Amino acid sequence: MDARSIAARLVAWHAEHQRDLPWRSAPAGFRDPYAVWVSEIMAQQTRIDTVVDYYVAWMARFPTLARLAAADQQDILKQWEGLGYYARARNLHKAARQVMVEYGGEIPANRQALLALPGIGPYTAGAILSLAFNQPQPILDGNVKRVLSRLADIDRPINDPSVVKELWRKAAAIVEAAEPGAAGACNEALMELGALICTPANSRCLICPLHAPAAAPLCLAADRGVQGERPIMPKRKPTPHYDVAAGVIWQGAPYESRLLIAQRAQDGMLGGLWEFPGGKLEAGDADLPACLRREIDEELGFSIQVGEPLITVEHAFTHFRITLHAFHARHAAGEPRAIDCADWRWVTLDELDGFPFPVTDQKIIAALRQGAVSANNAPAVG
Ligand code: SF4
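About the criteria used
Residues numbered from 1 in each chain as written. Predicted model: local features only at pLDDT ≥ 70, side-chain atom pairs only at ≥ 80, totals over all residues. Helix = DSSP H or I, 4+ residues; strand = E, 2+ residues; numbered from the N terminus. Buried ≥ 20, exposed ≤ 12 C-beta atoms within 10 Å, placed from the backbone. Contact = placed C-beta atoms within 7 Å. Expected span 1.5 Å × (residues − 1). Near = placed C-beta within 6 Å. Nonpolar A, V, L, I, M, F, W, Y, C, P; charged D, E, K, R; others polar. Pairing = 2+ DSSP bridges. Domains from an automatic or database assignment. Core = buried A, V, L, I, M, F, W, Y, C linked by C-beta atoms within 7 Å.

Trainee: An account of the overall build of the protein is requested, with residue identities and associated values reported.
Mentor: The helix and strand inventory of the protein stands at 14 helices and seven strands. Along the three orthogonal principal directions, the C-alpha set of the protein runs to about 80 × 50 × 40 Å. Of all 382 residues assigned to the protein, the portion counted as buried reaches 39%. Long-range pairs, those at least 24 residues apart, make up 69% of the contacts in the protein between residues at least 6 apart in sequence.

So this is what it looks like as structure tokens:
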């Protein structure tokens, strides 16, 4: 692999073709490390179009690391609401506090120190070091993996540990071959090439800066005409599906009384967010209302009457899918206790806006509000 040639072509192409994004106000390699950090964490598993609005709103609310560290976790989760993978937001917050205590608020320009912070892995460390401090440190995200696997025509599954090691070595060779001062631009160009030219479904080799004559090819897959077959993706396992029941539990008459929300445990999935309580349908449950009664008893220690269905929501998480069946319900007996949740509250419909909710529960809230404005809004409960 002619790393020097690849790096030079990438940097030249990037200077002309990079997209204008809000976190790119300074050249790659010379950016505010906090801005790089936030944008890179937000961009993980998330489309750039979606990230832009969240990033702008986040930087308006938490413009500095110090402001983020001083913020309340609920404000942070509210700001992140809808972006998914909420551990990213919790870890950003924890890491910001750690940087304030251990480094006086200065994000360290050191790989080991960065890797010791919550939520920072080799990719994010490489991005911060190259894009903010111009260090020739490699990065390897999904886009870069695809480009490198095509450049080297790797014919083994891309998640194979030996392939991942090989790709890290190639990423390092390229960024180390960049001209002094161009490490950040070189890394960003690799990611940008994967996002714009060497895309999963379509490699636009004829306009690719790495397309070279057959006598001295830079991209082996393109030279051999197998770019459409690279990378070799791992076989996907079937995605499990679960039916889940959730209750909008009214303290008294629906829409005339308060309703109960529960906070999820900090250390689990969607940790720290609020929800309408409930859980997975188990084999022993006679039906969804029975499942909901059991879940409320186990999670909050009181009994309910289950009423009319409110809404059904389909949602796909990374490793499973759910069908969420939300029901109106009414408090029947017993005082709520936080047995298998972090906290609970009786709130009004208006007060729901002050709490961070997952996307599925936001859909329940939207359905509730629709019900609230309809003329005939009193569902039967019990
Ligand atoms: S030549 Fe084609 S396959 Fe190779 S990096 Fe460029 S777009 Fe991708």
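Trainee: How would you summarise helix 6 (residues 87-103) if you had to cite specific residues and measurements?
Mentor: Taking 1.5 Å as the rise per residue, helix 6 with 17 residues should run 24 Å; its terminal C-alpha atoms sit 23 Å apart, in good agreement. Ala-89, Leu-92, His-93, Ala-95, Ala-96 and Val-99 are the residues of helix 6 that are buried. Looking one or two places after helix 6, you find Gly-104, whose phi comes out positive at around 60 degrees.

Trainee: Break down the site of the ligand for me, with residues and values.
Mentor: Lining the immediate environment of the ligand, one finds 15 residues, of which Cys-198, Cys-205, Cys-208, Cys-219 and Gln-227 sit closest. Residue assignment for the shell around the ligand shows that the elements contributing at least two residues are helix 9 (142-151) and helix 12 (220-224). The element that contributes the greatest number of residues to the shell around the ligand is helix 9, accounting for three residues. Among the residues making up the shell around the ligand, the classes are represented as ten nonpolar, three polar and two charged.

Trainee: Hey, could you go over the environment of Ile-322 for me, with residue numbers and the actual values?
Mentor: Secondary-structure assignment places Ile-322 in strand 6 (residues 321-333). Here Ile-322 is in contact with Tyr-242, Val-244 and His-315, once residues within four sequence places are set aside.

Trainee: So what's going on with the pairing of strand 1 (residues 241-250)? Residues and values would help.
Mentor: The two faces of a sheet get side chains in turn, since along a regular strand they alternate between them. With seven of ten residues buried, strand 1 lies mostly within the body of the structure. Two elements, strand 1 and strand 6, share ten bridges in a ladder whose sense is parallel. Residue His-241 lies in a different strand from strand 6, and its bridge partner there is Arg-321. Taken together, the three bridges between strand 1 and strand 4 (residues 278-280) define a ladder with antiparallel strand orientation. Residue pairing in the sheet places Ala-245 in a bridge with Gly-279 of strand 4. Where strand 1 meets strand 2 (residues 259-263), two bridges bridge the pair, whose relative direction is antiparallel. Note that in strand 2 the partner of Ile-249 across the bridge is Leu-260.

Trainee: Account for the domain arrangement of the protein, with residues named and values stated.
Mentor: By domain assignment, the protein separates into domain 1 (3-229) and domain 2 (241-373). Listed per partner, the contact involves nine residues of domain 1 and seven residues of domain 2. Every element with two or more residues in the side of domain 1 that touches domain 2 is listed here: helix 5 (73-80) and helix 6. Sorting elements by how many residues they give to the side of domain 1 that touches domain 2 places helix 5 first, with four residues. Its residues placed into classes, the side of domain 1 that touches domain 2 shows three nonpolar, three polar and three charged.

Trainee: Which residues make up the nonpolar core, and what values do they have?
Mentor: Ranked by internal contacts, the top residues of the largest apolar core, which has 99 residues, are Leu-10, Ile-128, Cys-186, Leu-190 and Val-248. With eight residues, the single largest contributor to this core is helix 2 (residues 33-43). There are two domains that each give this core at least three residues, and those are domain 1 (3-229) and domain 2 (241-373). Not counting chain neighbours up to four residues away, the residues in contact with Val-248 comprise Leu-259, Phe-276, Leu-310, Ala-326, His-328, Ala-329, Ile-364 and Leu-368.

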